[in-house]
Amino acid sequence: MAPFGGWSAMYRATRNVAARLVVVEKGSGKTEAAKDGETMKTSHGLLIAAAVALVGVTGCATKNYVKSQTAPIIDHTNTLDQKSAENNRNLHDVDDRATAGIKQAQSAAETAAQNAQNATKDAGTADTAANDAVHRADSLDSVVKGLDNYKQMADVTVTFGFDKAVLTKDDKDQLDSFAGQLGSAKSYILEVTGGTDSTGSAAYNYDLSQRRADSVVQYLAAKYGIAAHRFYLIGIGKDKEVAPNTTAEGRKQNRRVEIQLLSNMSTGEGAAAPQATPAPSSN
């Protein structure tokens, strides 16, 4: 709207100048025709000059107007570009950190798995060595020479839940009391006999009775430092019952491990056994 207002003002100013020129010319004494011609030329020249000036003014005004309207849009666009670039950088940073975290977690998991595998292998090796040292037999007669020289000094029986081979707190308390008597025994051995009730196959019960006897041996050896060669482990399965399997109470009594302390009473059969005390805790 500013360019059109400028044209109108310029046009009115030019007309006023032309009118004054006419007045001046009338007082100069020239003919009417000459005066009219000169007046027309002067008016036309002024109009052309005014038009040129107005075009220049209009062009400048238009450029300034366009510039004033587009500048905020350009600034806003630049701001959006900067924010977009910053967001892209942030996304790349997050992605890099996530990738690094995943790699670190995978590495830690692999290390933990390897450590667990090594620990399992070491434990398996230790169990194998202990099991190899423990005497396993169907009866003591086949493995102990001069069995008649051994006398039973003490015994204890612990029972297990159905199809279980894990010692309860009560079982461990009984074994602790039993281990306290080992200090006075001479060159002793421990007969550990595992049994089951009549439920299940003979093969399964032989294995279960062995596992029950193993749990007793491992507990006493670990806590009191008893040498593996002193244990004579026998798994009899369901072959020998101590109570009728027809009742729940009878089956409970048959799910047992019997431990007998046998001491060599012969004078030439070695020194007294060392005092049995709990082994130092590894914790």
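Residues numbered from 1 in each chain as written. Predicted model: local features only at pLDDT ≥ 70, side-chain atom pairs only at ≥ 80, totals over all residues. Heavy atoms only, no water.

Draft legend 1. Representation of the overall build of the chain within the structure. Each helix and strand in the chain was counted, giving five helices and five strands. The secondary structure elements of the chain, listed N-terminal to C-terminal, are α-α-β-β-α-β-α-β-α-β. Taken over 283 residues, the chain has a buried fraction of 25%. Sequence-distant contacts in the chain: of pairs separated by 6 or more residues, those separated by 24 or more amount to 79%. Surface accessibility of the chain: about 18200 Å² in total, with carbon and sulfur atoms responsible for 57%. (Helix = DSSP H or I, 4+ residues; strand = E, 2+ residues; numbered from the N terminus. Buried < 20%, exposed > 50% of the residue type's maximum accessible area, 1.4 Å probe, protein only. Contact = heavy atoms within 4.5 Å. Areas by Shrake-Rupley, 256 points an atom, 1.4 Å probe, with all protein chains shown as cover.)

Draft legend 2. Quick look at the environment of R256. Along the chain, the position of R256 falls in strand β5 (residues 256-264). Linking R256 and R212, residues 44 residues apart in sequence, is a C-alpha distance of 7.7 Å. In this structure the side chain of R256 is engaged in a polar contact, spanning 3.0 Å, whose partner is the backbone oxygen of K240. (Polar contact = N/O pair within 3.5 Å; in protein donor to acceptor, adjacent residues only side chain to side chain.)

Draft legend 3. Region of the structure containing the pairing of strand β4 (residues 231-237). In terms of burial, β4 is a largely internal element, seven of the seven residues being buried. The alternating pattern of β4 places F231, L233, G235 and G237 and Y232, I234 and I236 on opposite faces, both of which are buried. In the sheet, strand β3 (residues 188-195) pairs with β4 via six bridges, with the strands oriented parallel. When the sheet's bridge partners are listed, G194 is paired in β4 with G235. Tracing the backbone out of β3, into helix α4 (residues 202-224) and back to the parallel element β4 gives a crossover that is right-handed. (Pairing = 2+ DSSP bridges. Right-handed = clockwise from strand over helix to strand, strands pointing away.)

Draft legend 4. Region of interest: the pattern of salt bridges. The final tally for this structure, using the stated rule, is five salt bridges. Notably, a salt bridge pairs D197 with R255, separated by 3.0 Å at the nearest N-O pair. Of this pair, D197 sits in the loop between β3 and α4 while R255 sits in the loop between α5 (248-254) and β5, and the two are 58 residues apart along the sequence. (Salt bridge = Lys/Arg side-chain N within 4 Å of Asp/Glu carboxyl O.)

Draft legend 5. Region of the structure containing the nonpolar core. Ranked by internal contacts, the top residues of the largest apolar core, which has 25 residues, are L175, L190, V216, L220 and I259. If you list the elements that add at least two residues to this core, you get β2 (150-159), α3 (169-179), β3, α4, β4 and β5. With six residues, the single largest contributor to this core is α4. Apart from residues no more than four positions distant in its own chain, I259 is found in contact with A154, D155, V156, L175, F178, L190, E191, V192 and V216. (Core = buried A, V, L, I, M, F, W, Y, C linked by side-chain atoms within 4.5 Å.)

Draft legend 6. Up close: the side chain of S215. Assignment of secondary structure puts S215 in helix α4. One polar contact links the side chain of S215 to the main-chain carbonyl oxygen of R212, over a distance of 2.6 Å. Residues in contact with S215, not counting those within four places in the same chain, are F160, A165 and L167.

Draft legend 7. Layout of α3. Residues D171, L175, F178 and A179 constitute the buried set of α3. Viewed along the axis of α3, the buried residues span an arc of 95°, placing them on a single side of the element. Opposite the buried face of α3, at more than 90 degrees from it, the exposed residues are K169 and S177. Where α3 is buried, its residues meet β2, β3, α4 and β5. (Arc of directions from axis to C-beta.)

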